[in-house]
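So you can see what is in the structure, the chains are spelled out below.
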Amino acid sequence: MPARHRNIVPGFPHLLHGGDWNPDQWLDRPEVIEQDHQLMSEAGVNALSVGIFAWAALEPEEGRYEFAWLDAILDRLAKDGRKAILATPSGSKPAWMSLKYPEVRRMHNGVREPHHTRHNHCYTAPVYRAKVAAINRALAERYARHPALGAWHLSNEYGGDCQCPLCWDAFRAWLQRRHGSLAELNRAWYTAFWGHTFSAWAEVNALDRTMHAMTLDWRRFVSDQTADFIRAEAAPLRRLTPQIPLTTNFMGTYPGLDYHRLAQELDFISWDAYPDWHPAGGDDLDTAAHTGFNHDLMRGCGGGKPWVLMESTPSSVNWKKLSRPKQPGMHRAASLQAVGHGSEGVLYFQWRKGRGCSEKFHGAVVDHDGRSDHRVFREVAALGATLGRLGAAVGAPVVAQAAVLYDWDVAWAIDEGQMQRNCDKDYIATAMDHHRPLWRRGIAVDVVSQRADLARYRLVVAPMALLLHPGVAERLESFVRAGGVLVATYLTGQVDHNDQCFLGGFPGPLRALFGVRAPEMDTPPDHVVQTLAPTAAGTALGLSGSYPTRHFDELLVAEDAEVLATYAHEWYAGTPAVTRRTVGAGEAWYIGARGDRRLADDVVGGIAARLGLERALDLPLPEGVAAQARGTGADRLVFVENFAGAPRTLALGPGWRDAESGAPLAELALARYDARVLARA
Amino acid sequence: MPARHRNIVPGFPHLLHGGDWNPDQWLDRPEVIEQDHQLMSEAGVNALSVGIFAWAALEPEEGRYEFAWLDAILDRLAKDGRKAILATPSGSKPAWMSLKYPEVRRMHNGVREPHHTRHNHCYTAPVYRAKVAAINRALAERYARHPALGAWHLSNEYGGDCQCPLCWDAFRAWLQRRHGSLAELNRAWYTAFWGHTFSAWAEVNALDRTMHAMTLDWRRFVSDQTADFIRAEAAPLRRLTPQIPLTTNFMGTYPGLDYHRLAQELDFISWDAYPDWHPAGGDDLDTAAHTGFNHDLMRGCGGGKPWVLMESTPSSVNWKKLSRPKQPGMHRAASLQAVGHGSEGVLYFQWRKGRGCSEKFHGAVVDHDGRSDHRVFREVAALGATLGRLGAAVGAPVVAQAAVLYDWDVAWAIDEGQMQRNCDKDYIATAMDHHRPLWRRGIAVDVVSQRADLARYRLVVAPMALLLHPGVAERLESFVRAGGVLVATYLTGQVDHNDQCFLGGFPGPLRALFGVRAPEMDTPPDHVVQTLAPTAAGTALGLSGSYPTRHFDELLVAEDAEVLATYAHEWYAGTPAVTRRTVGAGEAWYIGARGDRRLADDVVGGIAARLGLERALDLPLPEGVAAQARGTGADRLVFVENFAGAPRTLALGPGWRDAESGAPLAELALARYDARVLARA
Amino acid sequence: MPARHRNIVPGFPHLLHGGDWNPDQWLDRPEVIEQDHQLMSEAGVNALSVGIFAWAALEPEEGRYEFAWLDAILDRLAKDGRKAILATPSGSKPAWMSLKYPEVRRMHNGVREPHHTRHNHCYTAPVYRAKVAAINRALAERYARHPALGAWHLSNEYGGDCQCPLCWDAFRAWLQRRHGSLAELNRAWYTAFWGHTFSAWAEVNALDRTMHAMTLDWRRFVSDQTADFIRAEAAPLRRLTPQIPLTTNFMGTYPGLDYHRLAQELDFISWDAYPDWHPAGGDDLDTAAHTGFNHDLMRGCGGGKPWVLMESTPSSVNWKKLSRPKQPGMHRAASLQAVGHGSEGVLYFQWRKGRGCSEKFHGAVVDHDGRSDHRVFREVAALGATLGRLGAAVGAPVVAQAAVLYDWDVAWAIDEGQMQRNCDKDYIATAMDHHRPLWRRGIAVDVVSQRADLARYRLVVAPMALLLHPGVAERLESFVRAGGVLVATYLTGQVDHNDQCFLGGFPGPLRALFGVRAPEMDTPPDHVVQTLAPTAAGTALGLSGSYPTRHFDELLVAEDAEVLATYAHEWYAGTPAVTRRTVGAGEAWYIGARGDRRLADDVVGGIAARLGLERALDLPLPEGVAAQARGTGADRLVFVENFAGAPRTLALGPGWRDAESGAPLAELALARYDARVLARA
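Just so we're clear, the structure is a prediction, and the values are computed from it rather than from any experiment.

Calculation notes
- Residues numbered from 1 in each chain as written.
- Chains lettered and ligands numbered in written order.
- Predicted model: local features only at pLDDT ≥ 70, side-chain atom pairs only at ≥ 80, totals over all residues.
- Heavy atoms only, no water.
- Pairing = 2+ DSSP bridges.
- Helix = DSSP H or I, 4+ residues; strand = E, 2+ residues; numbered from the N terminus.
- Axes fitted to C-alpha atoms, helices over the stretch in contact; angles between N-to-C directions.
- Phe/Tyr/Trp six-rings, centres within 6.5 Å; stacked < 30°, edge-to-face > 60°.
- Buried < 20%, exposed > 50% of the residue type's maximum accessible area, 1.4 Å probe, protein only.
- Lys NZ or Arg CZ within 6 Å of the ring centre and 35° of its normal.
- Contact = heavy atoms within 4.5 Å.
- Buried area = accessible area lost by both parts, 1.4 Å probe.
- Salt bridge = Lys/Arg side-chain N within 4 Å of Asp/Glu carboxyl O.
- Nonpolar A, V, L, I, M, F, W, Y, C, P; charged D, E, K, R; others polar.
- Domains from an automatic or database assignment.
- Polar contact = N/O pair within 3.5 Å; in protein donor to acceptor, adjacent residues only side chain to side chain.
- pLDDT = per-residue confidence, 0-100.
- Least-squares fit on C-alpha atoms with pLDDT ≥ 70 in both.

Draft legend 1. Structural view of the sheet that holds strand 26 (residues 656-658) of chain B. Residue and element names in this part refer to chain B. Reading across from one edge, 23-24-28-26 is the order of the four strands in this open sheet, with antiparallel pairing throughout. Both edges of this open sheet fall to strand 23 (625-630) and strand 26, since each of them pairs with a single strand only. Averaged over all neighbouring strand pairs, the angle between strand axes comes to 30 degrees, with direction disregarded. When strand 26 meets strand 28 (residues 675-680), the two strands line up antiparallel, connected through three bridges. When the bridges of strand 28 are listed, D658 appears paired with L678.

Here you go:
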């Protein structure tokens, strides 16, 4: 992803505020469109995603384009200085196309999907690609110089797969490129197991879930093919509007696509965040921590550069089992958290509720009644004012000294492989648990792939890195030797990129680096009590008390490592569970068991303290308060949110002012869900 | 539904007692048929449903009818003065037909069902309609003058849908009639959403669950098409046996068909009631209250006229997860409850257990051993005697001053729409909860559609009326202005008949009538505590204490209404939750939150008391005792059942006698599950 | 099953120790194969199952066989005196075959399966049978005289069904043979129900789950067709290697196949046992008891002769939700339990973990690292030494005086029929509960079919014998009259072999034998309290206190039987629940309710004590200790395992020695999971 822009939209100095706008649903009521603009002004809205599902409106019959309505929409936007994030319409194909060209519809289990819902076109079908290229070219030609055109919004929430004959042809071609020969494919996929050796390419014609390397490759292919589709979508846009940046909206840890791969096709990252605020049976702090992880992951996809919160709800959603409205204050807190994590603005799904169909009860800035005296509208407008005041000051990147590794390949290998334990594997939750000790201390973290450049970090945490890509072990060792601290956990280094087990004992090629071997693992059910007891060495490094474990207990052999904690119960009492090895200028920690949150906090937080990793605020954050910094030195802005569910106070001391009001701040009193932006005084 | 008969079967003065009889299963054992008749006499049985699944017996090969066996069956019935409720056999097609004419089998997702089970024919296929018309004509011709012929039992438990090409053709034709043009269809279905605009009728070829108006129309079409099939089934019967009434057996709140629509094709309503007596984790009183609701709903489908309990089990069923036998007494109590709610008798599935297949363990009057000394048989026989004693006295209609609104369109809009909360929506349970305050006071209630004539009522309760049909708002306002009391709840008036949201603020066209607006809603998870606190105005109207709420909390703005209760907790503490507006001579109450049972009872029961609605007995009923009245004045009969699980006593005072024995009754002592019929002394 | 061999492998005097070995997965790494052999020697391994899924390796393209690699494998085995249990490769067809001959793939609901996973070939397709016959013949021709060939392992874990047109043709032919005419079929299937009468054979073309007799016949057909396939597989082997015994690996109570039927095709029984040791929410003693039942069932399939534990895991599996490794000692205890129940050895899945695909994390003797210093390997090796020491002494059969009846037909009738209760039916668990009182006393039990010869037993327990095959009632009565004690339970004798209810009152043809009738049944939900109170007669026979019941309570009429216990609660308090009738020289007990474990123990254990059934050890076993005997008199060996989870001590008294060490043993101290083999001193 080339670094093209400091801010997302060239020449547009404001933080983006706006969201999905669907005037194509009420073109017959122009007064609504005008009312929308008045409300947008009232809410400080400057950027609207338009045309996302407008293909049927733009091309009502094959080859006949109707742009007049969109001309009017863009002109009206430009009139008030607002920007369009103009969508290509490929997220929902017109009904006439589904009827005339059945191959644009996906196929699974030999059955072609009917025309229905959205996000379900075949990524391979040449006719679909041609139709997309044509309409995208027409859009680019028409609006290339339009003053409202701010960015391209490619399609919408790419996802899913298709298993039609065209896709299988493409997959076989992909496999031939990847593996070269059928012999290599047989070797890579370990097809001798259960006698699944292929003797002709044509025999590769159905997914076999028992052949993990095949399903891994299928998922990689789906990501590559989607990326290829994106590139094809983008080609006319890149040619005709080279100055306009391109994005598509990601979905956090969505398992269907490797966003690290897709990111390569985009100019900036954007994503749709729908945290479960005020959750059933949970608390907001958990939600905030998880959201912070997701923001850091999405930012990581873009190499750390600013990104955009493309969708969020100002109140509730309507597609979960249960979704409460954001309570007073939460909208501001959640939005500033996103900006603190690097977003260049706050956008919503949706600006106004549509009258019918499946999103008519989804939260929006403007309700069916078009009023601006709603609580939700008022909070959005207040945020608009805040973003307006902050606008010029924001834009510096987040700079992180720590990284958590997260890989889609690892997620696939864990979730789709069969293990001793096939429940509670929880890769995502574990990654979040190891991100949280840093997040809660206000320490910036990049969530990045194993393939990322690690040299910039001082601490790298690699939770459950079951699968190791080629070269990763070597690079991790270099990182440590050069002074970095590496923390890994149970299940590390068990399979290679073809999901074949390493043969020299787990953690595979990292065995020497950690100085441990994990020859056996217990997977106790919930009623079994197991705890870790720190050794003297562990105590010296900040471990204390007794840490309960669950789900995964590796029985370690410390071949060349300090033992920091051992198991206290069961037949393996006394067996090493947590170790550390000093290597060169750095350290390699191995946590062999799934401990509680305190264990991760003591280990990762303790290391961060010893390393003196930079914090957003140089003071202990009260429980429930989060802080993120953007920029350095005098330009540094600190975003502080209170997710505690109760008031909190921070003794800032001298040197700070409120970035909005400019008023000096020595003590920061935060009401429930209060959020503030601090600048250096 | 024309009012043709005071009693169901013309010229037959008895309450019906009998049920499904399947001698076609044991034609090879004529001694069993003779034993059946002896046992029927012993049990006071006078009406038998025959031939329900007898197509293969009546037409063993295409075009060859065999009626001899049915002749014998009907002759034997007539000999003892029993009536046949003669079924048309369309509920289960012969195997030869499924093989020769595949189009009689239903299709879903492009796959034709195999020949199996029952109730699965295509309602559209011309060949099936022709075959049904032919056999029905043959039956009517043969038995038009048979003395045993009492009524026609059309098919059995119509239900389900078919999505074959013929049905899709029929649906498109139906849509053309309903909407006129494709432009109107696009508007009604709000197809601009997600770019689903249709440009040719042929594109309407698959259900899209995200397009709620389409699924609503599909369900309406299925009801209409089923009604059309019924009309076609009935045509030869109406022509050849105009004197014989027609029914089919309904299934309470079965969601697949709009019984208000189907009822238009029938001469009287009948239904199959299988309450969950002695339920796991519940109590019998709940079951009795729910059953009372269902009886009132079914009676309402017939415009309030007497109806027939077409199926019930004398003991247990065999198709639930768990079904206990009715305990001693419960059979009498449950049966008299049905008669009290307007049934003209008590019929069973099944008279005798068949030896094989899926209903061989279903409860029956006669078990496999053919004995009459079973407890179950003895209780059935005792009930037969009771019905015989009551026979001439029963027949007057139930007269209700109150109504609860229940609409299948509303159920579909709630269940299939996506909302802030997609669990615990519970439309049926909520309707029952608002029916129960009246039911437990012995106040007769009609459960009717929004389209019913409301002028006859003094109180109308409209729970969760999310969807409003055209004209309903106006009629509700007229009802109130004329002096009626209307009670509505959260979720009222949000969408029109095309499932498009009303734009002027919820409750849509009823906003002025109630004087409230509901701009926001909380949907708290179960662990959140929320309660309602009555205001002084509310207290004056009988509200008291604190009412817990759950699932739905609308934050009301009382634009022109008295506030009767407000929320006590969360960020919307103090916000109005229950309001009342006096309008003309009447009142419009709005309950904005899902309260507990006590709230519904205090509101609805309180209004009933203030209005002085007539009760079956003019005294407080002990908890667990239910009472229903039929008729007025001297002919009035009161049915009293004790569902409390313990003895109960009622001080009736003077003026009552036992309708069976004639003995005067000043005090009524009811054992557990006891039931009695009272007449004026 | 002809009695061909005292020991399984002719001329091979050792207990088998080994398991599935898959060198076809690492043919490219010959050093691994050599390492395997060294480790086999270290572990005392003498028998390897090879070639199970090797078809693609043996016939890489159609008609071209490659045996060189298998020659080398067998030669190497022979070199060290090890035996091959040589598999036919039909468990997994080559990809080329699936592509060229689609009919080898199974079909369900009209859809042909893709090529994937395993165990999914059509049993009927002639081309598959021809291919199997050809490769089996080639294998037999090549290895008929090979010194390593010890036994044939037919395919692998046969299971599932296919519903392709070829199978439906075969089913119709099977039905014609079974029922003779369509009229007989209609009668047997009770097709008059729901008008399902067939008028042509072609109409029998889809499974109808509501027609229980059809599904029963389908399951019987699947078993017969699988047996027919086995016979076809075996034909060339029987012809070319008549001296080599044949088996296939069963799976305990696997519901898909009637193993009593399949056993007729085999020379000895083997099965794959994967008990859930250290279970979530359970205890090991339950697991041990259930495993004992399964061993007895599998032994029963072979007429009581020695059998082989063909697969077991030395540690954990990877296909359960959760599988802990066997804890120290458990491997020895579980393995000796199998030998005590009649196994001629202990074999594993798998010798060495494969690198890729779905079983790469399944437990194995040798891990990916190839080390022999793992705990698991050491325990396997220690067991190998034990088996080696015991080898010559073991071989005598288990001799049982008691039997528990278990039938697949009964399981199908219970599980697939619709009853008053369709949850918690628990046929298997109930059978185990009635086996356990004997097992825990060290009394040998055969678990056999209703069709087994019962004359050899003194006690027969027939739990939940809902379905009775023809003649069984007569044979049970003869058994009792001749002095046997028969114990039956609720649900006995309700349907015949066509799943048609007996007409003379339940328990059908056994009503006179038991002297009871069960006209009614309660099926209380969990919150209902019901208990049994012993009568004086019951107390005299050892019943005591109060026994809670659940799920099933039959209300018995004791027509001609002593009442031993009655119900204490509900409306049927005082009704008989447990009865006994003395008949001839024997007794017929009827337990009408599902009691707790103590009830089964008091009844069955009490009878066993009164009858003086022989125990493995003539002393009370401490709770948690199991004991099994093989052989009689001086050759008798007694296997003792401690599953208690804590140490246990047995005062053996004089006359015993440790069969391994020869040391005399008067007191036996067993650590947790300890196990010992005793011989007469």
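Draft legend 2. Layout of the packing of aromatic side chains. A complete count under the given rule lists 91 aromatic pairs over all chains for this structure. With 6.1 Å between their ring centres and 15 degrees between their planes, Y128 of chain B and F229 of chain B make a pair best called stacked. Taken together, the residues span a long stretch of sequence, with Y128 of chain B in helix 5 (residues 126-143) and F229 of chain B in helix 8 (residues 212-240) at a distance of 101 residues. Both residues of the pair, Y128 of chain B and F229 of chain B, belong to the buried class. Ring pairing ties together the aromatic residues W168, F171, W174, W189, F198, W218 and F221 of chain A, which thus form one cluster. When the ring centre of W656 of chain C is taken as origin, the NZ or CZ atom of R680 of chain C, which lies over that ring, is 4.1 Å away.

Draft legend 3. Local environment of the interface of chain B and chain C. At the interface, 50 residues of chain B touch 51 residues of chain C. Carbon and sulfur atoms make up 55% of the surface buried where chain B meets chain C, a total of about 4,200 Å² over both sides. The three residues of chain B that bury the most area against chain C are R324, R355 and F361 of chain B, which together make up 17% of that side's buried surface. Taken together, the connections running from chain B to chain C amount to five salt bridges. Across the pair K360 of chain B and D499 of chain C runs a salt bridge whose closest N-O atoms are separated by 2.6 Å. Elements with a minimum of two residues in the side of chain B that touches chain C: helix 4 (95-100) and helix 12 (375-390) of chain B. Broken down by element, the residue count for the side of chain B that touches chain C peaks at three residues, all from helix 4 of chain B. Partitioning the side of chain B that touches chain C into residue classes produces 19 nonpolar, 16 polar and 15 charged.

Draft legend 4. Examining the domain arrangement of chain A more closely. Residue and element names in this part refer to chain A. Examined at the domain level, chain A breaks down into domain 1 (16-159 + 242-391), domain 2 (402-611) and domain 3 (625-680). One C-alpha centre belongs to domain 1, the other to domain 3, and the line joining them spans 30 Å. Listed by partner, the interface residues are 23 residues for domain 1 and 13 residues for domain 3. Sorting the residues of domain 1 by area buried against domain 3 places R332, G340 and L390 first, and these three jointly supply 29% of that buried surface. Our count for the contact surface shared by domain 1 and domain 3 stands at three salt bridges. One salt bridge connects R332 with E660, and the closest N-O pair in it is separated by 2.8 Å. The tally of links from domain 1 across to domain 3 stands at ten residue pairs in polar contact (both at pLDDT 80 or more). Looking at the side of domain 1 that touches domain 3, the elements with two or more residues in it are helix 10 (284-301), helix 11 (330-340), strand 11 (343-348) and helix 12 (375-390). The element best represented in the side of domain 1 that touches domain 3 is helix 11, accounting for seven residues. Classifying every residue of the side of domain 1 that touches domain 3 gives ten nonpolar, nine polar and four charged.

Draft legend 5. Quick look at the environment of S478 of chain A. Residue and element names in this part refer to chain A. Within the secondary structure, S478 sits in helix 15 (residues 472-481). Its relative accessible area of 45% is what places S478 among the partly exposed residues. In this structure, the C-alpha to C-alpha distance between S478 and A234, residues 244 residues apart in sequence, is 38 Å.

Draft legend 6. Structural detail: the confidence of the model for chain A. Residues and elements named next belong to chain A. Of the residues in chain A, 99% reach a pLDDT of 70 or more, and the chain-wide mean stands at 96. Here residues 1-6 is a poorly scored stretch, pLDDT under 50, and it has 24 contacts once near neighbours within four places are set aside; other chains count. Interface scoring of the predicted complex returns ipTM 0.95; its pTM is 0.97.

Draft legend 7. Quick peek at the relation of the copies chain B and chain C. Expressed as a screw transformation, the operator carrying chain B onto chain C has a rotation angle of 120 degrees and an axial translation of 0.1 Å, and the superposed copies differ by an RMSD of 0.0 Å. Here the two chains are linked by the operation of a three-fold rotation axis. Identified as the residue of chain B closest to the rotation axis by C-alpha distance is V111 of chain B, at 6.0 Å.

Draft legend 8. Molecular detail of the interface of chain B and chain A. Counting residues at the interface gives 51 residues for chain B, matched by 50 residues for chain A. Here chain B meets chain A over a buried area of about 4,200 Å², counting both sides, of which 55% is carbon and sulfur. Per-residue buried area on chain B facing chain A is highest for Y190, W194 and L503 of chain B; these three make up 19% of the total on that side. In this assembly, chain B and chain A are joined by five salt bridges. The closest approach of N and O atoms between E570 of chain B and R324 of chain A, which form a salt bridge, is 3.2 Å. Taken together, the connections running from chain B to chain A amount to 19 residue pairs in polar contact (both at pLDDT 80 or more). Tallied by class, the residues present in the side of chain B that touches chain A amount to 24 nonpolar, 16 polar and eleven charged.

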